[in-house]
Amino acid sequence: MRNRILAIILGLVACTFSAYANKTEARPEQSKPAIKLEQPTPPAKTAPNAQKELPLAKTPQGWTDSLKKALTQARAENKYIMALFTGSDWCHYCTLLDEEVFNTKEFKDWAEDNVVKLYLDFPQEHRLPPNIANQNIALLKRLGIAGYPTVLFFTPQGQPLTNMGYVPGGGANWVKQVELLLPKTLKTESSLTEAISDSAVKNIPLLLAIYDSKSSSSALAKENIDQVLSTPALALPSGKEIILAKLDYQNLNSKEKALLKNVSSSDQYPKYILLNSNREALFSSAVAGVKPAEIADKVATFIHKPPYDGKWIQDYSEGLKLARLYNKPLLLFFTGSDWCGYCEEMQKNIFQTAEFAEKAKDYILVELDYPRETELPENIRMQNEVILDAFNIQGFPTVVVEKSNGMPIGGVGYSQDITEFFKAIEKSLNNS
């Protein structure tokens, strides 16, 4: 499984959603990226025969330089992988990003709970171990990195989500912009008492994943649990629809063990028990040849789905949540509502038709507007600017199709033919 995830990451090609048709209008100057990058080739190269004389580059504390280790830890802890491409000893903006963001308390507190930090360095005055240097070069080429610093985020399963670079404004601002783009992962509880209390207060189901550390098969049981809890159907529902708890039976007190006995008599581990907020068992399953995805899918049927009326929404985070819960792709419409003539034509000829209303039932619709005269709510305006830069949109109108896990897979530009429009969208989905 780990090798397959590595292959997926190494086989990725960076996408730039610049212009999908002849008729697009350029994005306004005030919307140009604030992100600053330096070219991916250092200003000078060290001669190969002098490489051995260079001091060894150091990986900062709290980061790993191994993709394999990052993947293993991300799955075990249900966290994103945050991969930093940097030139530690020559890149000016890399140094600024480190000083203004990564060294701040705001970033460190956020990173501790949300990401596994992968450090991919391309130094000029230092050397790397050969295996790390080869790994970094392979990732640089395969992912099409356009400049330093670049931060790419991946799900615990190795699926790409979004990217960032140096953005001025400090750690709190950088974290705020990243959170606009990332689906929220669920924190996995380790205390049964606290998990039950949270379930009761929030009135949502609680999934208990239990193993026995004294069992000879405890390592396999924990691996099975990690696979279940990192399944997108459970790991990324926004933190509001279900509570997850990973528990060692040996760490439970007598009252907690008695509670488990009341809802499930089986002593086989790993064991999964889904409780409602009144501590009543919705189902109990001891794994005996049951695949993790089957457990995750069964639990997902009990997660509350908020209503969606099929209309365009402005909140990208809400769109991601709906896409995951309904297992539908997103259509992201980048538009300039009060100045873009082609956008207005596309609204009239495509989006306002009865045929689109019917076909759009299979999607979650998110409108990302960049008006010149109309004032948007501050949170929506900031969200839209971040997303515009992350997708590198260069012209309006642009429609990006995104899978329910937040992975962009294609898009189209200006169109007046709804049949051709959906052909392009469906081709992207079929090829993903």
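Residues numbered from 1 in each chain as written. Predicted model: local features only at pLDDT ≥ 70, side-chain atom pairs only at ≥ 80, totals over all residues. Heavy atoms only, no water.

**Describing the packing of aromatic side chains**
In total, this model carries 27 aromatic pairs according to the counting rule given. Aromatic side chains Phe351 and Phe421 sit 5.9 Å apart centroid to centroid with 80 degrees between the ring planes, which places their arrangement in the edge-to-face category. Linking Phe351 in helix H13 (residues 341-351) with Phe421 in helix H16 (residues 418-431), this pair joins segments that are 70 residues apart in sequence. Judged by its relative accessible area of 8%, Phe351 falls in the buried class. With a centroid separation of 5.7 Å and an interplanar angle of 35 degrees, the aromatic rings of Phe356 and Phe422 are classed as tilted. Taken together, the positions of Phe356 in helix H14 (residues 354-359) and Phe422 in helix H16 put the pair 66 residues apart, joining distant regions of the chain. Residue Phe422 is classed as buried on the basis of its relative accessible area of 2%. One aromatic cluster is present, formed by Trp63, Phe102, Phe107, Trp110, Tyr119, Phe153 and Trp174 through successive ring pairs. Positioned above the aromatic ring of Phe283, the side-chain terminus of Lys298 is 4.7 Å from the ring centre. (Phe/Tyr/Trp six-rings, centres within 6.5 Å; stacked < 30°, edge-to-face > 60°. Helix = DSSP H or I, 4+ residues; strand = E, 2+ residues; numbered from the N terminus. Buried < 20%, exposed > 50% of the residue type's maximum accessible area, 1.4 Å probe, protein only. Lys NZ or Arg CZ within 6 Å of the ring centre and 35° of its normal.)

**Looking at the state of the cysteines**
What we call a disulfide is simply a covalent bond connecting the sulfur atoms of a pair of cysteines. Within the structure shown, the criterion is met by 2 disulfides. Covalent S-S linkage joins Cys91 and Cys94, the inter-sulfur distance amounting to 2.4 Å. The S-S bond linking Cys91 to Cys94 shows a torsion near 80 degrees; that makes this disulfide right-handed. Among the residues examined, Cys94 registers a relative accessible area of 7% and is labelled buried. Here Cys340 pairs with Cys343 through a disulfide, and the sulfurs are 2.3 Å apart. Classification of the bridge connecting Cys340 and Cys343 rests on its S-S torsion, roughly 80 degrees, and on that basis the disulfide is right-handed. Exposure class is identical for Cys340 and Cys343. Each is buried. (Disulfide = S-S within 2.5 Å.)

**A word on the side chain of Ser428**
Tracing the sequence through the fold places Ser428 in helix H16. Here Ser428 is in contact with Val401, Ile409, Gly410 and Gly411, once residues within four sequence places are set aside. (Contact = heavy atoms within 4.5 Å.)

**Digging into the sheet that holds strand E5 (residues 160-164)**
Ordered in space as E3-E2-E4-E5, the 4 strands form an open sheet in which the pairing is mixed. Looking along the sheet, the strands with just one partner apiece sit at the ends: strand E3 (115-121) and E5. Between one strand axis and the next, the sheet turns through 20 degrees on average, direction left out of account. As paired strands, strand E2 (residues 80-86) and strand E4 (residues 150-154) are joined by 5 bridges and run antiparallel to one another. Across the sheet, residue Ala83 finds its bridge partner in E4, namely Leu152. Its contacts with the sheet put helix H2 (residues 67-77) on E2 and E3, and the angle it makes with E3 is roughly 175 degrees. (Pairing = 2+ DSSP bridges. Axes fitted to C-alpha atoms, helices over the stretch in contact; angles between N-to-C directions.)

**Some thoughts on the packing of helix H6 (residues 170-181) against helix H12 (residues 316-326)**
Contact pair H6 / H12: the axes reach a minimum separation of 8 Å and the direction vectors enclose 40 degrees. Between H6 and H12, the angle is such that the two are oblique. Residues Glu179, Leu180 and Leu181 of H6 form the contact with H12, whose own contacting residues are Tyr316, Ser317 and Leu320. For the contact of H6 with H12, a count of residues per class yields 4 nonpolar, 1 polar and 1 charged. (Parallel < 35°, antiparallel > 145°, perpendicular 65-115°, else oblique. Nonpolar A, V, L, I, M, F, W, Y, C, P; charged D, E, K, R; others polar.)

**A word on the packing of helix H3 (residues 92-102) against H6**
The contact between H3 and H6 brings their axes to 7 Å, and the two run at 95 degrees. Viewed along their axes, H3 and H6 adopt a mutual orientation that is roughly perpendicular. Taking contact as the criterion, the partners of Leu97, Glu100, Val101 and Phe102 in H3 are, on H6, Gly170, Gly171 and Trp174. Split by residue class, the contact of H3 with H6 holds 4 nonpolar, 2 polar and 1 charged.

**Brief notes about the nonpolar core**
Ranked by internal contacts, the top residues of the largest apolar core, which has 68 residues, are Trp174 and Phe334. Per-element tally for this core: the top contributor is helix H15 (residues 378-391), with 6 residues. For Trp174, the residues in contact, after removing those within four places along its chain, are Met82, Leu97, Val101, Phe102, Phe107, Val151, Phe153, Met164, Gly165 and Val167. If you look at the next biggest cluster of nonpolar residues, it comprises 21 residues, including Phe85, Leu120, Leu140 and Tyr148. (Core = buried A, V, L, I, M, F, W, Y, C linked by side-chain atoms within 4.5 Å.)

**Here's the deal with H15**
Taking 1.5 Å of rise per residue, the 14 residues of H15 would be expected to cover 20 Å, and the 20 Å separating its terminal C-alpha atoms lies within 8% of that figure. Counted residue by residue, H15 has 10 buried out of 14 residues, so it is predominantly covered. Following H15 by one or two positions, Asn392 adopts a phi angle in the positive range, close to 55 degrees. (Expected span 1.5 Å × (residues − 1).)

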